[in-house]
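# Coordinates in review
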Amino acid sequence: DSILLRSKRANKVALKRLTTAQTLLKQNKEKPFYEEVSKAIWLYLSDKLSIPLSSLSRDSAQEALSKKNVPQPLQQKLERIVSECETALYAPMGGTKQMNNTYQEAIKAISELEETI
């Protein structure tokens, strides 16, 4: 079953992207860092919630997370991380400290989701 397979590998793929993001963080490459974190979250959601990437949006993700009984604070955390990444891609953020916070939040959010779903 390809849906089950995608769901099972979602965490592995997300962690691989976050490892790449960590390398970019250490190199202080802000834009590529935020791109990787954003991709990690979106691809994870796509695989875990069985929503094709082409159909994935904030609304569809939120709806699917609600159906899976994901707590509202966790949904808000994911929304905040995605918004932060999008903002950082178009406007400079707070540097390495902010990047580190984003990285830590992304890891926590994915871990919490993994336990919840």
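Structure first, text after, so check above.
Read on for an overview of the structure. What you are looking at is a predicted structure, and each value in this text was computed from that prediction instead of being measured.

### Considering the overall build of the protein chain
In terms of regular secondary structure, the protein chain is built from five helices and zero strands. Reading the secondary structure of the protein chain in the N-to-C direction produces α-α-α-α-α. Against the 2.2 N^0.38 benchmark of 13 Å for 117 residues, the protein chain shows a C-alpha radius of gyration of 14 Å, consistent with a compact globule. The C-alpha extent of the protein chain, read off along each of the three principal axes, is 40 × 25 × 25 Å.

### Some remarks on the packing of helix α2 (residues 30-49) against helix α3 (residues 58-67)
Following both chains from N to C, one finds α2 and α3 inclined at 50 degrees, their axes separated by 11 Å at the closest point. Taken together, the axes of α2 and α3 are oblique relative to one another. Two packed elements cross with a definite hand, and for α2 against α3 that hand is left-handed. Residues Trp42, Leu45 and Leu49 of α2 pack against Arg58, Ala61, Ala64 and Leu65 of α3. Of the residues belonging to the contact of α2 with α3, the class tally is six nonpolar, no polar and one charged.

### Here we look at the pattern of salt bridges
For the coordinates displayed, the defined rule picks out seven salt bridges. The closest approach of N and O atoms between Glu79 and Arg58, which form a salt bridge, is 2.1 Å. One end of the pair, Glu79, is in helix α4 (residues 72-90); the other, Arg58, is in helix α3, and 21 residues separate them in sequence. Here the residues in one salt-bridge network are Arg58, Glu79 and Glu86, joined through shared partners.

### What to know about the packing of α2 against helix α5 (residues 96-116)
For the pair α2 and α5, interaxial distance at closest approach is 11 Å and the crossing angle is 10 degrees. The orientation of α2 relative to α5 falls into the category roughly parallel. Contact with α2, carried on its side by Glu30, Phe33, Tyr34, Val37, Ala40, Ile41, Tyr44, Leu45 and Lys48, involves Gln98, Met99, Thr102, Tyr103, Ala106, Ile110, Leu113 and Glu114 of α5 and no other residues of that element. Along the lines of polarity and charge, the residues of the contact of α2 with α5 split into 12 nonpolar, two polar and three charged.

### Some thoughts on helix α1 (residues 2-26)
For α1, spanning 25 residues, the distance from its first C-alpha to its last is 35 Å, which sits close to the expected 36 Å at 1.5 Å a residue. The largest bend along α1 reaches roughly 40 degrees and is located at Arg9. For α1, the elements touching its buried residues are α2 and α5. Positioned one or two residues after α1, Asn28 has a phi angle of 60 degrees, which is positive.

Basis of the calculations
Residues numbered from 1 in each chain as written. Predicted model: local features only at pLDDT ≥ 70, side-chain atom pairs only at ≥ 80, totals over all residues. Heavy atoms only, no water. Helix = DSSP H or I, 4+ residues; strand = E, 2+ residues; numbered from the N terminus. Rg over C-alpha atoms; globule rule 2.2 N^0.38 Å. Axes fitted to C-alpha atoms, helices over the stretch in contact; angles between N-to-C directions. Parallel < 35°, antiparallel > 145°, perpendicular 65-115°, else oblique. Left-handed = near helix turned anticlockwise from the far one by under 90°. Contact = heavy atoms within 4.5 Å. Nonpolar A, V, L, I, M, F, W, Y, C, P; charged D, E, K, R; others polar. Salt bridge = Lys/Arg side-chain N within 4 Å of Asp/Glu carboxyl O. Expected span 1.5 Å × (residues − 1). Bend = angle between axes of the 7 residues up to and from the residue.

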